[in-house]
Amino acid sequence: MNLPQVVQYCFAGVTVGSIYAIVAIGFNIIYNTTGIINFAQGEFLIVGAMLAISFNHFVPLPVAIFLAVVVTTIIGGLVEIVFIRQVRNASVLRLIVITIGISILMREAMLHIWDEKVRSLPYFTGTGVSTVTILGAHISPQVLWVLGVSTIIVMGLTPFFRFTLTGRAMRACADDRMAARLCGINDRWMVTLSFMLSAGIGALAGCVISPVTQTQYDMGASLAIKGFTVAILGGLGNSMAAVAAGLMLGLIEALVMSQFDVAYKEAVSIVILLLILVFRPSGLFGKREIAAMRAL
Amino acid sequence: MGKQLAKVVGILIVALALCVSVVAKAADAPAIKVGAIFAVTGGAANLGGPEKKTAEMLVEKINKEGGVNGQKIELIVKDSGTKPENAISMAKQLIEEDKVLAIIGPSTSGETMAIKNICQESKTILISCAAAEDIVNPVASYVFKTPQKDSDAVRRIFQVMKAKGITKIGVITSNDGFGMAGGKQLANLANLAGITIAISEAYDKQETDLTGVLTKVKGQDVNAVVNWSIVPAQSLVAKNMKQIGLNVPLFQSHGFGNIKYVQEGGEAANGTIFPCGRLLIAEILPDNNPQKKLLLGYKKDYESQYKEDASTFGGHAYDALLILVEGIKKAKSTDKEKVREAIENIKGLVGTAGIFNFSSQDHNGLGMDAFEMLTVKDGKFVIYKN
């Protein structure tokens with residue numbers, strides 16, 4: 001293989017990796033506040049993208065995306081208030097099962113609202129045929145948008161969870177909800193807030209990847225599985241690690257693809273997930289002690 | 001006393017109403033039950049959606065015009081969600097509980113192959129809307145299909161390639177029934193046409209980006225790429241090829257026959273060459289084309305009723321019903337065996353996919369001329385000219 005070809009494979013890896021990463025970020029927010037995995041995260045992405053596509057018929061693209069993010073944020077809040085909050089004696093497992101139910105509900109609702117057809121947002125820069133050439137290899141400018149938006153989200157989220165009062169309160173709820181409540185944190189609203197935040201970020205992610213992946217009502221589940229894999233790989237709760245892990249998985253898949261039949265790449269990513277779960281449950285970038293404490 | 005009288009009168013009225021409804025029912029001949037299994041949701045929703053709408057529209061029209069041999073048709077539609085396992089349980093339900101005369105659909109080759117034997121063993125006529133040749137080869141006496149053969153599609157593609165001097169190609173297919181069957185036909189017929197397949201890869205049907213697999217194809221210095229799939233990923237192929245600078249002609253299968261895929265492919269879809277039935281180009285066909293009138297009629301009805309473009313796939317369901325109705329008419333009966341025999345004897349029936357000439361050996365009834373080579377120009381389908 002010559003250099004441009006190697007770089008081209010890397011770009012293919014970065015393209016899918018950036019999609020995995022931006023999906024994974026959403027998982028981390030709700031996990032950070034509640035300790036649960038929101039399996040409806042993929043549907044938040046699709047709702048966001050679908051709304052933006054519909055709004056884009058009437059308003060310019062940036063406004064359409066902004067409106068879609070706002071509406072999806074509200075939907076995220078409503079989902080929490082209507083479904084999650086009502087559960088008495090909510091164990092983590094029970095809540096996770098409920099999120100699976102929510103994902104099915106949202107998928108069916110989307111089928112009725114938008115029908116079964118594939119749609120997509122226009123490319124943010126250029127069109128489907130424009131490319132950026134680096135070292136003799138080509139990449140779609142939209143991939144750079146995905147990477148850029150992921151970076152901005154992570155750069156916003158990391159300090160938010162570390163340094164702001166609200167962010168720290170949200171994390172406290174995940175660690176020990178009773179203790180957080182005793183400290184005067186309104187834990188219910190923190191959970192609602194986390195659903196709103198991750199729905200909003202999911203919607204933004206859905207809009208940014210829509211030109212690349214296209215958008216269909218039932219795509220959420222398969223996107224979410226990859227995003228979930230990446231979130232685990234990086235270490236749940238750590239958005240920066242999720243981006244790193246996403247790009248890594250994308251690159252590994254591209255590497256596998258370059259040497260073996262394409263069909264093997266899915267198998268490889270599942271094997272990696274299993275290995276991580278067995279040998280490093282805290283994820284590649286997570287701290288062992290924290291995972292051990294959480295397990296207690 | 002007054003109350004009691006009211007009660008008696010009430011009961012009488014109800015009884016009378018019941019009698020009337022029974023009489024009204026008896027006057028009608030029993031409806032002919034026809035099952036339909038379409039992938040209205042799931043990966044092949046772009047196929048199943050128009051198929052269901054078309055079948056419902058056509059049945060309504062037939063019933064309004066007095067039905068077949070004086071009997072109305074009762075269409076029972078099931079949504080398989082593009083899952084072969086669902087198709088199996090739905091086929092069993094239709095056969096055993098609803099006792100249908102025939103099943104039209106399923107939409108995809110994988111689903112059809114899953115229920116081929118079930119229908120054959122229970123002697124229920126199956127008219128599939130899926131493309132793979134395995135459906136009618138080897139022939140099962142009760143199983144028919146309406147879309148053109150994929151081997152004919154491959155032959156037409158290779159003809160064009162020869163004319164263009166293309167000798168070395170890369171093949172990518174989706175990893176579902178349609179893609180696999182097409183890949184097999186391409187491999188079988190390439191030698192005969194003097195074409196080398198330098199690389200052949202299957203990708204996941206839910207793939208959201210194909211730059212990786214296309215990079216691999218690019219590494220083989222091919223003269224052209226053939227993509228064989230019915231899933232939305234096919235509009236990614238054209239875009240991804242341009243994005244990685246793989247500037248060779250792209251050939252698609254007849255699964256590309258939906259203007260929606262062209263719209264999604266955008267600018268990149270221009271120049272894509274693919275074989276297809278004549279529905280998509282009905283307006284620009286010469287007036288003496290025997291299919292033109294039927295195609296325009298179907299298109300007009302569909303588009304005015306559903307406010308969306310008609311697609312080839314809806315046409316497959318149209319043909320399936322057309323063939324079944326013709327069979328029932330010819331058999332003058334709803335006996336499964338008689339209708340089956342009548343279908344085998346249909347000759348020169350003009351449908352949306354082509355002109356059907358069935359025989360006991362040919363359960364597809366279409367020839368290579370059922371395909372027209374099309375290409376995309378400025379986001380529209382036009383007839384391909386060398």
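Note: the structure precedes this text.
Residues numbered from 1 in each chain as written. Chains lettered and ligands numbered in written order. Predicted model: local features only at pLDDT ≥ 70, side-chain atom pairs only at ≥ 80, totals over all residues.

A. How the structure looks around the pairing of strand β7 (residues 196-203) of chain B. All names here are of chain B. Note that strand β6 (residues 168-174) and β7 share seven bridges and pair parallel. Of the residues in β7, the one forming a bridge with Thr-173 is Ala-202. In this fold, the crossover linking β6 to β7 by way of helix α6 (residues 177-193) has right-handed handedness. (Pairing = 2+ DSSP bridges. Helix = DSSP H or I, 4+ residues; strand = E, 2+ residues; numbered from the N terminus. Right-handed = clockwise from strand over helix to strand, strands pointing away.)

B. Local environment of helix α8 (residues 233-243) of chain B. Residues and elements named next belong to chain B. A large share of α8 lies buried, amounting to 11 of its 11 residues. Those residues of α8 lying buried are Ala-233, Gln-234, Ser-235, Leu-236, Val-237, Ala-238, Lys-239, Asn-240, Met-241, Lys-242 and Gln-243. Directly beyond the C-terminal end of α8, a positive phi value near 75° is found at Gly-245. (Buried ≥ 20, exposed ≤ 12 C-beta atoms within 10 Å, placed from the backbone.)

C. Highlighting the sheet that holds strand β1 (residues 32-38) of chain B. Residues and elements named next belong to chain B. The five strands lie next to each other as β2-β1-β3-β4-β5, forming an open sheet whose pairing is parallel. Both edges of this open sheet fall to β2 (73-79) and β5 (143-145), since each of them pairs with a single strand only. Pairs of neighbouring strands in the sheet enclose a mean axial angle of 20°, with direction left out of account. Looking at chain direction, β1 and β2 are connected through seven bridges and run parallel. In the strand pairing of β2, Lys-33 is matched with Glu-74. Across the sheet, helix α11 (residues 312-331) touches β1, β3 (102-104), β4 (125-128) and β5, and the angle it forms with β3 is around 160°. (Axes fitted to C-alpha atoms, helices over the stretch in contact; angles between N-to-C directions. Contact = placed C-beta atoms within 7 Å.)

D. Representation of the interface of chain A and chain B in the model. Counting residues at the interface gives 32 residues for chain A, matched by 33 residues for chain B. Elements supplying a minimum of two residues to the side of chain A that touches chain B: α1 (3-34), α8 (187-213) and α10 (239-259) of chain A.

E. Looking closely at the environment of A:Val149. Residues and elements named next belong to chain A. Mapped onto the elements, Val-149 comes out in helix α5 (residues 141-163). Sequence separation between Val-149 and Ser-18 is 131 residues; the distance between their C-alpha atoms is 9.9 Å. Leave out the neighbours within four places in its chain, and Val-149 touches Ile-22, Leu-204 and Val-208.

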